[in-house]
Number of protein chains: 2
Amino acid sequence: MTGSGPDRRTFLQGGAAVLGGAALALGGRAAWDASTSTGPAVDPARDATAVDATAVDATAAGSAVVPFTGDRQAGVGTPPPAFVSLVAFDLVAGVDRGALVRLMRIWTDDLGRLTAGRPGLGDTEPELAGVPASLTATVGFGPGVFTACDLEAARPPWLAPLPALAVDRLQDTWSGGDLVVQICADDELTVAHTMRVLARQARTFTTVRWVQRGFRRSAGTTAPGTTMRNLMGQVDGTRNLVPGTDDALIWHEAGADTPAWLVGGTSMVVRRIAMDLDTWDALDRSGREIAVGRRLSDGAPLTGTAEHDEPDLDAVNDLGFTVIDTVAHIRRARSDNPDERFLRRGYNFDDPPAPPALSNSGLLFVTFQRDVTAQFVPIARRLDELDLMNTWTTPIGSAVFAVPGGCQEGEYLGQRLLG
Amino acid sequence: MTGSGPDRRTFLQGGAAVLGGAALALGGRAAWDASTSTGPAVDPARDATAVDATAVDATAAGSAVVPFTGDRQAGVGTPPPAFVSLVAFDLVAGVDRGALVRLMRIWTDDLGRLTAGRPGLGDTEPELAGVPASLTATVGFGPGVFTACDLEAARPPWLAPLPALAVDRLQDTWSGGDLVVQICADDELTVAHTMRVLARQARTFTTVRWVQRGFRRSAGTTAPGTTMRNLMGQVDGTRNLVPGTDDALIWHEAGADTPAWLVGGTSMVVRRIAMDLDTWDALDRSGREIAVGRRLSDGAPLTGTAEHDEPDLDAVNDLGFTVIDTVAHIRRARSDNPDERFLRRGYNFDDPPAPPALSNSGLLFVTFQRDVTAQFVPIARRLDELDLMNTWTTPIGSAVFAVPGGCQEGEYLGQRLLG
């Protein structure tokens, strides 16, 4: 902290607090009441005179705050902002339960501050913290945490690498990890700063295993609630679990079989899906629509007229063939068992290509579900067995994490497991 | 194009056309009158009924259009949007003047469409083109273009690799290139799609040499006109040429010594500057401020109180030492010769680190100036000789390009050189 008068950071925070409702609404992230925000304390008298409506409008996407504390971690049921950095860490030898508790205490404290637009304790670039931009950071534990902490008995049975799939061409550089943090915000500098703070704090406990960065459309460019498009041009994520409505499939809730640390928790699967845009580009629009089973123009199923129409899998054309092909992605991706669904929260990636390739693109396919084995694996197996889209997409990274429940003020992340 | 009724793209374009002024103003990019836009033709009657004010507000940053045609290329004097992809291409053997003309015709046509929010001809993902988000694409020619086209006599003397500097640790992977395109927009998907279209069109003419992606704060997060901060936390770019005011130092203007193709043109230097954030983090705030010569909190010179105050290089403290250190960056970066200045248009980069590093961060230092030798090189030499910041920053890539003047409707980029 600099302490030298009303600097720009203070101004922005004031704007967020005074006009929080408007700020959240503008970016279409209006999932929370700003009055419940854990945002910074401000001097209302000063801010009321310092802030004019025009200035606040121009910075509203920056000052939006997503509460960090709560029964569940943010970044799962909360609306996905434009950018993600998924950072996986490996624990260094000798890190045990006590050490992990120290790291979680530090990260929890830092994240409480950073998500509110304030610098972390000991933040060496405090001025970069002033634009929370709907920042969330979701922490997950890989199998290695349970080994290192001598907690094998507490490891959920689904917390393990996914079963081998024929389509997989997994690279170690994009797979596994003892810890993960999914950092999301509507601003790349905020994401970069948050990652830097967390990685620096963890440096004596961990090494960085992989970093995967992704994007969707920027805040303020498309109508709130628009389903994202991937780099193949498809509307991607139409049929998705709905937080609030489908919570029983997303979250672990209190019950006899649920350990306390998993109440309000979930599981996270990260699959890095490479797209072969060169061969995809050789396919005409009709071929692409058959492969997916949806229209490219608006994502409507080939039997419907609007994106969210239910596909008619039995409808046939004049020749007697089903309109939605027998191996179309949307047919293969749905099971007769309504429990075999999960929350997708994917992002595009577009990294520099290695010559002579033109592109190095794909999808960070991130899913949340109560139980990986019961919900994710059956669908992955169906798609592995038959899916036209397998021609152009290849999983090259894979990791599974347990996401512990959220923490309340004064608690640290994972306390009910590690404490 | 899909041609199936009022799809989302048409809707957005309608919003841009109808409320273009508001759209530009919201993001603080109000450098042009929307009425001069080369944007798509729309049916005003349909759009007047289809667009409501709320929806347009939420997508204004996406529908903003920067005109592609004009005396000068966009992306130099126009306000920098949040994201850049710098893509360098090498010409493949056998590409001559005729082939390059064909490529420039194709790119010019594509860019005229894409910057207006419309798909390129033969765009295989047309739905990704509907969010122009202030898209600009600035094309530059490296020395190789003049060799391949048998135009050595036309090569400006400053179009060559920079002279060797002691601080340089240049990597071939980040240096040189026969052609460059600087793609800027407020949306990463738009940047990715534009890059894909251009690279695909160029595939028989070129190979991709390098891609460098960078970011600033997102549109709508900070007040318009705010100077960017870099990942060291510094306000970066305070003392800069001002387009409109300092045009004589940025642009080649018509005159006896100026070849026609350079009228309205400039030169572009791309330096990839790695930052050693680990050693920088070990420095306290006072040490950092001495190294730069500015306050971290607000960018004011150590002798001033506000960011744009002129530094007093002669001011001394109680001990008789100059307040701004003799090797402080801001002292070393300024010359007594007012012509030795250039337009900086930099972006941060934050790529995945190679373990065990925590970060792979730095600055894409992009400059535009009339004459590299007269304006850029003297400052680079001064900083090479003495600059405290050299302790924490290392140039690892370097390239120089000539940016031909803009093209008018019906012309192609570079026509006055290649035609």
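Residues numbered from 1 in each chain as written. Chains lettered and ligands numbered in written order. Predicted model: local features only at pLDDT ≥ 70, side-chain atom pairs only at ≥ 80, totals over all residues. Heavy atoms only, no water.

1. Considerations on the overall build of chain A
The cut-off we apply is this: Only DSSP runs of H or I with at least four residues qualify as helices, and only runs of E with at least two residues qualify as strands; both kinds are numbered from the N terminus onward. The classification of residues rests on relative accessible area computed with a 1.4 Å probe and restricted to protein chains. Under 20% of the type maximum is buried, over 50% is exposed, and intermediate values are partly exposed. Here, residues are in contact when the closest pair of their heavy atoms is within 4.5 Å. Working definition of accessibility: Shrake-Rupley area with a 1.4 Å probe, residue cover restricted to the visible protein chains.
Helices and strands together make up the secondary structure of chain A, namely 13 helices and nine strands. Burial status across chain A gives 59% buried among its 419 residues. Sequence separation of 24 or more characterises 79% of the internal contacts of chain A that already satisfy a separation of 6 or more. Summing over all exposed atoms, chain A offers an accessible surface of approximately 15500 Å²; the carbon and sulfur share of this is 54%.

2. Thoughts on the UniProt feature "domain: Dyp-type peroxidase N-terminal" (unreviewed entry) in chain A
As a reminder, the rule being used: UniProt positions are given in the numbering used here, feature names are shortened, and annotations may be inferred rather than shown by experiment.
In the UniProt entry, the feature "domain: Dyp-type peroxidase N-terminal" (unreviewed entry) is given for residues 73–216 of chain A. The distance from the first to the last C-alpha atom of residues 73–216 of chain A is 21 Å, and the span holds 26% helix and 22% strand.

3. Focus on the interface of chain B and chain A
Worth spelling out the cut-off: By buried area we mean how much accessible surface two parts lose on assembly, using a 1.4 Å probe and totalling the loss over both. Note on definitions: salt bridges are taken to be side-chain nitrogens of Lys or Arg within 4 Å of carboxyl oxygens of Asp or Glu. Contacts described as polar in this section are N or O atom pairs within 3.5 Å, which, within protein, must combine one atom able to donate a hydrogen with one able to accept it, while residues neighboring in sequence count only if both atoms come from side chains. Classes in brief: Ala, Val, Leu, Ile, Met, Phe, Trp, Tyr, Cys and Pro nonpolar; Asp, Glu, Lys and Arg charged; the others, Gly included, polar.
At the junction of the two partners, chain B supplies 63 residues and chain A supplies 63 residues. Sorting the residues of chain B by area buried against chain A places Arg196(B), Arg217(B) and Leu358(B) first, and these three jointly supply 13% of that buried surface. Between the two partners, chain B and chain A, sit 16 salt bridges. One salt bridge in this structure joins Arg196(A) and Asp281(B), with 2.8 Å as the shortest N-O distance. Where chain B meets chain A, there are 39 residue pairs in polar contact (both at pLDDT 80 or more). Looking at the side of chain B that touches chain A, the elements that each hand over two or more residues are helix H1 (8–18), helix H4 (53–63), helix H7 (188–201), strand S4 (206–215), helix H9 (277–281), helix H10 (285–292) and strand S7 (347–351) of chain B. The greatest single-element share of the side of chain B that touches chain A, amounting to eight residues, is contributed by H7(B). Class assignment of the residues belonging to the side of chain B that touches chain A gives a composition of 27 nonpolar, 16 polar and 20 charged.

4. A word on the pairing of strand S9 (residues 393–403) of chain B
Residues and elements named next belong to chain B. To be explicit about the condition: Strand pairing is defined by DSSP finding a minimum of two bridges between the two strands.
Taking burial as the measure, the eleven residues of S9 include ten buried ones, the bulk of the element. In this structure, strand S5 (residues 266–275) lies alongside S9, joined through ten bridges in antiparallel fashion. In the strand pairing of S9, Val269 is matched with Val400.

5. Observations regarding the relation of the copies chain B and chain A
Put simply, the test is: Copies are brought into register by a least-squares superposition over C-alpha atoms of residues with pLDDT of at least 70 in both.
Rotating chain B by 180° about the axis while translating it 0.0 Å along that axis superimposes it on chain A, leaving an RMSD of 0.0 Å. Between the two chains, the operation in question is that of a two-fold axis. Here 100% of the interface residues in chain B have copies in chain A that are interface residues too; the copies meet face to matching face.

6. Things to note about helix H12 (residues 372–385) of chain B
All names here are of chain B. Quick reminder of the rule: In this scheme, a helix's expected span is set at 1.5 Å multiplied by one less than its residue total.
Relative to the 20 Å expected for 14 residues at 1.5 Å per residue, H12 spans 18 Å between its end C-alpha atoms, a close match to the ideal helical length. Every buried residue of H12 is listed here: Val372, Gln375, Phe376, Val377, Pro378, Ile379, Ala380, Leu383 and Asp384. Structurally, H12 contributes buried residues whose contacts are with helix H8 (247–250), S5, helix H11 (329–332), strand S8 (360–369) and S9.

7. Observations concerning the nonpolar core
We count it as follows: Only buried Ala, Val, Leu, Ile, Met, Phe, Trp, Tyr and Cys residues count toward a nonpolar core, and they belong to the same one when joined by side-chain atoms within 4.5 Å.
One finds Met104(A) and Met104(B) to be the most contacted residues of the largest nonpolar core, which totals 152 residues. Among residues more than four places away in sequence, those in contact with Met104(B) are Val139(B), Phe141(B), Leu179(B), Tyr412(B), Leu413(B) and Leu418(B).

8. Describing the pattern of salt bridges
It is possible for side chains bearing opposite charge to pair when their charged atoms get close. According to the stated counting rule, one finds 47 salt bridges over all chains in the structure shown. Between Arg200(A) and Asp281(B) there is a salt bridge, with the nearest N and O atoms lying 2.5 Å from each other. Pair noted here: Arg200(A) is in helix H7 (residues 188–201) and Asp281(B) is in helix H9, and the two residues belong to different chains. Accessibility expressed as a relative area gives 13% for Arg200(A), which makes it buried. Judged by relative accessible area, which is 13%, Asp281(B) ranks as buried. Between Arg332(B) and Glu385(B) there is a salt bridge, with its nearest N and O atoms 4.0 Å apart. Here Arg332(B) is found in helix H11, whereas its partner Glu385(B) is found in helix H12, with 53 residues between them in sequence. Classification of Glu385(B) by relative accessible area gives exposed; the value is 61%.

9. Side note on the packing of aromatic side chains
Put simply, the test is: Ring geometry is summarised as follows: Phe, Tyr and Trp rings, the Trp one being its six-membered ring, pair when their centres sit within 6.5 Å, and such pairs are stacked at plane angles under 30 degrees, edge-to-face over 60 and tilted between the two. Geometrically, a lysine NZ or arginine CZ counts as sitting over a ring once it is within 6 Å of the ring centre and also within 35 degrees of the ring normal.
A full pass over the atoms with the stated rule returns 13 aromatic pairs over all chains. Through successive ring pairs, a cluster of aromatic residues spans Phe342(A), Phe365(A) and Phe376(A). Just above the ring of Phe349(A) sits the side chain of Arg272(A); from NZ or CZ to the centre is 3.8 Å. In this arrangement the basic side chain of Arg216(B) is found over the ring face of Tyr347(B), its NZ or CZ atom lying 5.1 Å from the centre.

10. Brief notes about the packing of helix H5 (residues 97–114) of chain B against H7(B)
Residues and elements named next belong to chain B. For clarity, the cut-off: Between the N-to-C directions of two axes lies an angle of 0 to 180 degrees, each axis being a line fitted to C-alpha atoms and, for a helix, fitted only over the stretch in contact. Oblique is the label for every angle not falling under 35 degrees (roughly parallel), over 145 degrees (roughly antiparallel), or within 65 to 115 degrees (roughly perpendicular). Crossing handedness is defined as follows: a turn of the near helix away from the far one that is anticlockwise and smaller than a right angle gives a left-handed crossing, while the clockwise case is right-handed.
One can describe the packing of H5 onto H7 by two numbers: an axis separation of 10 Å at closest approach and a directional angle of 160°. Overall, the two elements H5 and H7 adopt an arrangement that is roughly antiparallel. Here the hand of the crossing between H5 and H7 comes out right-handed. Mapping the contact onto sequence places Leu103, Ile106, Trp107, Asp110, Leu111 and Leu114 in H5 and His193, Thr194, Val197, Leu198 and Gln201 in H7. Taken together, the residues that form the contact of H5 with H7 break down as seven nonpolar, three polar and one charged.

11. As for the environment of Ala116(B)
All names here are of chain B. Within the secondary structure layout, Ala116 lies in the loop between H5 and strand S2 (136–141). Overall, Ala116 belongs to the buried group, its relative accessible area being 2%. Separated by 18 residues in the primary sequence, Ala116 and Ser134 have C-alpha atoms spaced 8.9 Å apart.

12. A look at the side chain of Asn348(A)
Relative to the helices and strands, Asn348(A) resides in strand S7 (residues 347–351). Of the polar contacts made by the side chain of Asn348(A), one reaches the backbone oxygen of Arg229(A); its length is 3.1 Å. At 3.5 Å, the side chain of Asn348(A) forms a polar contact with the backbone nitrogen of Leu231(A). When near neighbours in sequence (up to four residues on either side) are disregarded, Asn348(A) contacts Arg213(A), Gly214(A), Phe215(A), Met228(A), Arg229(A), Asn230(A), Leu231(A), Gly362(A), Leu363(A) and Leu189(B).

13. Remarks on the pairing of strand S3 (residues 179–185) of chain B
For S3(B), the buried fraction is high: seven of the seven residues fall into the buried class. On S3(B), burial covers both faces: Leu179(B), Val181(B), Ile183(B) and Ala185(B) on one face and Val180(B), Gln182(B) and Cys184(B) on the other are all buried.

14. Notes on H10(B)
Residue and element names in this part refer to chain B. Listed as buried for H10 are Gly287, Arg288, Glu289, Ala291 and Val292. Where H10 is buried, its residues touch H9 and H11. Phi for Gly293, located one or two positions after H10, is positive at around 95°.

15. What about unusual backbone geometry?
All names here are of chain B. If you check the backbone angles, Ala133 has positive phi at about 50° while not being a glycine. Inspection of the secondary structure assignment puts Ala133 in the loop between H5 and S2. Although it is not a glycine, Asp150 sits at a positive phi angle of roughly 60°. Inspection of the secondary structure assignment puts Asp150 in the loop between helix H6 (143–148) and S3.

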